[in-house]
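Observations on chain architecture
Here's the letter readout for the chains.
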Protein chains: 2
Amino acid sequence: MPTRKPEPTPTEPPKPVRLTRAQRTAILKALSDPKRFELLETIARSQCPLGCTAAHEALSIAPATLSHHIKELQTSGLIDVRREGKFAFLSIKPGVLEALSTYLQSLSPAGCPTR
Amino acid sequence: MPTRKPEPTPTEPPKPVRLTRAQRTAILKALSDPKRFELLETIARSQCPLGCTAAHEALSIAPATLSHHIKELQTSGLIDVRREGKFAFLSIKPGVLEALSTYLQSLSPAGCPTR
DNA sequence: ACATCAATTCGATAGTTGTCGAAACGTCGA
DNA sequence: TCGACGTTTCGACAACTATCGAATTGATGT
């Protein structure tokens, strides 16, 4: 196969991201820490690639702690970390939160309203 | 104001359950434990009021541990516990998972596809 | 009243983890 | 090459928590 792109994907079909049980629990554990969740919110609210220094200022924690939380979010598959020379940029990995969200919603009670 | 019900609500409009930040973190912490999440799944999949003994058989944990997890899910606002004589019945509190799910989805990146 | 059973509470233990200072690493500019 | 800076790793500590056995509470049936 030479330089032949298999798909041009002009409008980019949003593939639906399937989560395993292990991934689900990993993600939930990653989200369970308040500081970490706040970090994720900060990344989400900013324009996607958030500088690491900006994050350090937004939350008030030591650099070591921030690095730890970043790694935790990364290994759980929630964010992408792009390194550009000295800096690191954080962005939310698309589809993961949606997948979790969908699964959580599927657990909702069909009937049984407080009965 | 005498005995005047403000609303008869014949078809039961599903009120949308607003979550505070504290509630969100409490819920996420409650969901972060695998056994606890499995318990919630078990409650969800069963017909809503799940017997406590059935839960103890589904997961394989000591009664004391199960009781602890039940209390944890209850105080976080995820489930209701109805006591009937000797027994306890667990049911998912309606609206809470939906509210969390909606909030998580609102954090998804608008643009910035891996860029 | 008593025994039985479901569920909870208590106390203890082992494992996990959030936090940070100090040191190390890698990059950039002078 | 050197120093400054952003980030990570290391080591340690404190707090939290999942787990369980034993004891307790509360309800039910005999």
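In this report, the structure presented in the accompanying data block is examined. (Residues numbered from 1 in each chain as written. Chains lettered and ligands numbered in written order. Predicted model: local features only at pLDDT ≥ 70, side-chain atom pairs only at ≥ 80, totals over all residues. Heavy atoms only, no water.)

This part covers the environment of Ser67(B). Mapped onto the elements of the fold, Ser67(B) is located in helix α4 (residues 63-75). Distance from Ser67(B) to His56(B), taken between C-alpha atoms, is 9.3 Å for residues eleven residues apart in sequence. (Helix = DSSP H or I, 4+ residues; strand = E, 2+ residues; numbered from the N terminus.)

As a further point, take the relation of the copies chain A and chain B. Its rotation angle being 180°, the transformation that places chain A on chain B also includes 0.0 Å of axial translation and leaves an RMSD of 0.0 Å. Considering both components of the superposition, the chain copies are consistent with a two-fold axis. When C-alpha distances to the rotation axis are compared across chain A, the minimum falls at Ser101(A), with a value of 2.3 Å. A high fraction, 100%, of the interface residues of chain A reappear at the interface in chain B, so the copies pair face to face through one surface. (Least-squares fit on C-alpha atoms with pLDDT ≥ 70 in both. Contact = heavy atoms within 4.5 Å.)

The biggest cluster of nonpolar side chains holds 52 residues, and the ones touching the most others in it are Leu78(A) and Leu78(B). Look past the residues within four positions of Leu78(B) in its chain and what remains in contact with it is Ile27(B), Ala30(B), Leu31(B), Leu40(B), Leu73(B), Ile92(B), Lys93(B), Val96(B) and Leu97(B). (Core = buried A, V, L, I, M, F, W, Y, C linked by side-chain atoms within 4.5 Å. Buried < 20%, exposed > 50% of the residue type's maximum accessible area, 1.4 Å probe, protein only.)

Below, the discussion takes up the sheet that holds strand β1 (residues 50-51) of chain A. Residues and elements named next belong to chain A. Read across the open sheet, the three strands follow the order β1-β3-β2; overall the sheet is antiparallel. Two strands in the sheet have a free side with no partner beyond their single neighbour: β1 and β2 (79-84). Alignment of β2 against strand β3 (residues 87-92), held across six bridges, turns out to be antiparallel. From the neighbouring strand, valine 81 faces β3, where its bridge partner is leucine 90. (Pairing = 2+ DSSP bridges.)

Turning to the packing of helix α5 (residues 96-106) of chain A against helix α5 (residues 96-106) of chain B, a few remarks are in order. For the pair α5(A) and α5(B), interaxial distance at closest approach is 9 Å and the crossing angle is 170°. When the axis of α5(A) is compared with that of α5(B), the two are roughly antiparallel. Residue-level contacts link Leu97(A), Glu98(A), Leu100(A), Ser101(A), Leu104(A) and Gln105(A) of α5(A) to Leu97(B), Glu98(B), Leu100(B), Ser101(B), Leu104(B) and Gln105(B) of α5(B). Here the contact of α5(A) with α5(B) is composed, by residue class, of six nonpolar, four polar and two charged. (Axes fitted to C-alpha atoms, helices over the stretch in contact; angles between N-to-C directions. Parallel < 35°, antiparallel > 145°, perpendicular 65-115°, else oblique. Nonpolar A, V, L, I, M, F, W, Y, C, P; charged D, E, K, R; others polar.)

Glancing now at the side chain of Ser101(A). The residue Ser101(A) is located in helix α5 in this model. Those residues within four positions of Ser101(A) in sequence are excluded, and the remaining contacts are Ser101(B) and Gln105(B).

Remark: helix α2 (residues 34-45) of chain A packs on helix α1 (residues 21-31) of chain B, axes separated minimally by 10 Å, with the N-to-C direction vectors making an angle of 115°. Note on packing geometry: the crossing formed by α2(A) with α1(B) is right-handed. Of the residues in α1(B), those touching α2(A) at Pro34(A), Phe37(A), Glu38(A) and Glu41(A) are Arg21(B), Arg24(B), Thr25(B) and Leu28(B). (Left-handed = near helix turned anticlockwise from the far one by under 90°.)

A full pass over the atoms with the stated rule returns two aromatic pairs over all chains. On the numbers, 6.2 Å between centres and 35° between planes, the contact of Phe37(A) with Tyr103(B) is tilted. Here the residue Phe37(A) occupies a position in helix α2, and Tyr103(B) occupies one in helix α5, the pair thus bridging two chains. Above the ring of Tyr103(A), the side-chain terminus of Arg24(A) is found at 3.8 Å from the ring centroid. (Phe/Tyr/Trp six-rings, centres within 6.5 Å; stacked < 30°, edge-to-face > 60°. Lys NZ or Arg CZ within 6 Å of the ring centre and 35° of its normal.)

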